[in-house]
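# A look at the structure
Single-letter residue listing:
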Amino acid sequence: MTQTVLHRRRTSARALFAAGLVASLALATGCAKSEDDNSSSDKASSSAKGDAGQEVASSGTGKTCDVAAFGGKKLDLKGATVGFSQSEKEANPFRIAETASIKAEASKRGIKLLTANAQSQFSKQISDVQDLIAKGADLLVIAPLNSDGWEPVLRAAGAKHIPIITVDRKINATACKDYVSFIGSDFVEQGKRAADQMIEATGGKGTIAILLGAAGNNVTTERTKGFEDQIKAKAPGLKVVFKQTGEFAREKGQAVTEQLIQSKPDITGIYAENDEMGLGAVNALKGAGKKAGAVKIVTVDGTRNAVQGIVDGWISGVIESNPRFGPLAFQTLDSFTKGDKVGQDIVIKDSAYTKDNAKTDLDKAF
């Protein structure tokens, strides 16, 4: 009887995971998620590796914000309505895991959550957030597509003193006036760490290409700056000879790499500013008949497919960019709404994957 019950429980757990429930904060790559699915399972969430969310590295500038300084009012988060605006299509594993984390934490805390997905269209994201405000959102969590152009949203939110937290990308506005906090990685540091991995993989000599992320946001700018500055400082024998945007998309990353191989067939290394572009580069190299490891690839994110690429020899290293914002975002909102001070810039810790830990840490990837 006991074995039968255990078997049923295991079968049920596997079925829930395969269905891609929101509560799993470490969703596997390729599990298509709908923005309309608000279901969750705390038990499934608690069993997933890496599901505790992010660990704070620092408070960035050290500046803080509270309700009194922002101009809002204290409220009970449990009775509030939170609006979440996702920027990109749910085809990207980073976005799948990010949305899942937000939904799971809201469900865990019993908070009403309104969601919207801009489908990689900035004009839609602006109207999405305006709609969330119209529907009664008391607080907003936004994953911005672009850093500029948020004035219409900031005016609408400001008129109602609605606190805003941005995650994974910054908006060009004034903290503790236009928005409360930014939670995300140190993207310059990510670029530097990616450069260190590229230097190690190439021996510090050769020619390298950069697959740039989408234009118009601080992630692309800062990951590029960190990488190039570090290469210049530590490996003058490595030359960046090609830069082109892959728009953070696998298909575009593959197309750009196919062009790269034609124009520079002897390229030594490729720095892809996210995993999806890096995996596109791998597809292009395979299509060109290249052997695994012939071109050194370093990426940023930490998806399961990219980490598996290290195990398989196609990728040299991956710098993590943790997408599990739910616990930290709601912890920040909870503290803020109680009247406590919160950091204006909350920088999270990111790990890294190399050939030494990729196989053993594969389950930590998203």
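Quick summary incoming for the structure in this document. It should be emphasised that the depicted structure is a prediction, and the values quoted were computed from it without experimental measurement.

### Comments concerning the overall build of the protein chain
The helix and strand tally for the protein chain stands at 12 helices and 15 strands. Taking all 366 residues of the protein chain together, the buried fraction comes to 53%. In the protein chain, of all internal contacts separated by at least 6 residues, the share reaching a separation of at least 24 is 76%. In the form shown here, the protein chain has an accessible surface area of approximately 15,700 Å², with 49% of it arising from carbon and sulfur atoms.

### A short note on the pairing of strand β8 (residues 206–212)
By the criterion of burial, β8 is predominantly enclosed, with 5 of the 7 residues buried. Taken together, the 7 bridges between β8 and strand β9 (residues 238–245) define a ladder with parallel strand orientation. Counterpart to G206 in the pairing with β9 is L238.

### Some thoughts on the sheet that holds strand β11 (residues 296–301)
Spatially, β9-β8-β10-β11-β12-β15 is the arrangement adopted by the 6 strands of the open sheet, whose pairing is mixed. If you trace the sheet from one side to the other, it starts and ends with β9 and β15 (352–353), each paired once. The strands touched by helix α9 (residues 250–263) within the sheet are β8, β9 and β10 (269–272), with β9 carrying the most contacts at an inclination of about 130°.

### Quick look at the sheet that holds strand β3 (residues 81–86)
With respect to topology, 7 strands assemble into an open sheet ordered β1-β14-β7-β6-β5-β3-β4, the strand pairing being mixed. Of all the strands in the sheet, the pair left with one neighbour each is β1 (56–58) and β4 (112–117). Strand after strand, the sheet turns through a mean of 25° between neighbouring axes, direction not considered. Of the pairings in the sheet, the one linking strand β6 (residues 164–167) to strand β7 (residues 181–184) comprises 3 bridges and is parallel in character. Bridge pairing links V167 to I183 in β7. Across the face of the sheet, helix α12 (residues 326–337) comes into contact with β1, β3, β4, β5 (139–142), β6, β7 and β14 (345–348) while running at roughly 160° to β7.

### A closer look at the state of the cysteines
Such a bond, covalent and formed between the sulfur atoms of two cysteines, is termed a disulfide. For the structure shown, the criterion picks out 1 disulfide. The partner cysteine of C65 in its disulfide is C176, sulfur to sulfur 2.1 Å. Taking the torsion about the S-S bond as the criterion, the C65 to C176 disulfide, at about 80°, is right-handed. Residue C65 is found in strand β2 (residues 64–65), and its partner C176 is found in the loop between β6 and β7; the two are separated by 111 residues along the sequence. Grouping residues by exposure puts C65 and C176 together as buried.

### A short note on the pattern of salt bridges
On inspection of all chains with the given rule, the structure shows 20 salt bridges. Where D229 meets K225, a salt bridge forms, and the shortest distance between an N and an O atom there is 2.8 Å. Pair noted here: D229 and K225 are both in helix α8 (residues 218–234), with a separation of 4 residues, about one helical turn. Using a relative accessible area of 34% as the deciding quantity, one classes D229 as partly exposed.

### Section: helix α5 (residues 122–134)
Compared with an ideal rise of 1.5 Å per residue, which puts 13 residues at 18 Å, α5 spans 19 Å between its outermost C-alpha atoms and is within 8% of the ideal. Taken together, the buried positions of α5 are occupied by F122, Q125, I126, D128, V129, L132 and I133. All buried residues of α5 project into a common sector of 160° when viewed along the axis, lining one side. Opposite the buried face of α5, by more than 90 degrees, sit the exposed residues S123 and A134.

### Here we look at the side chain of N92
Here N92 shows up in the loop between β3 and α4 (93–109). On the accessibility criterion, N92 (10% relative accessible area) is buried. Beyond its immediate sequence surroundings of up to four residues, N92 is in contact with F248, N274 and E276.

Criteria and cut-off values
Residues numbered from 1 in each chain as written. Predicted model: local features only at pLDDT ≥ 70, side-chain atom pairs only at ≥ 80, totals over all residues. Heavy atoms only, no water. Helix = DSSP H or I, 4+ residues; strand = E, 2+ residues; numbered from the N terminus. Buried < 20%, exposed > 50% of the residue type's maximum accessible area, 1.4 Å probe, protein only. Contact = heavy atoms within 4.5 Å. Areas by Shrake-Rupley, 256 points an atom, 1.4 Å probe, with all protein chains shown as cover. Pairing = 2+ DSSP bridges. Axes fitted to C-alpha atoms, helices over the stretch in contact; angles between N-to-C directions. Disulfide = S-S within 2.5 Å. Salt bridge = Lys/Arg side-chain N within 4 Å of Asp/Glu carboxyl O. Expected span 1.5 Å × (residues − 1). Arc of directions from axis to C-beta.

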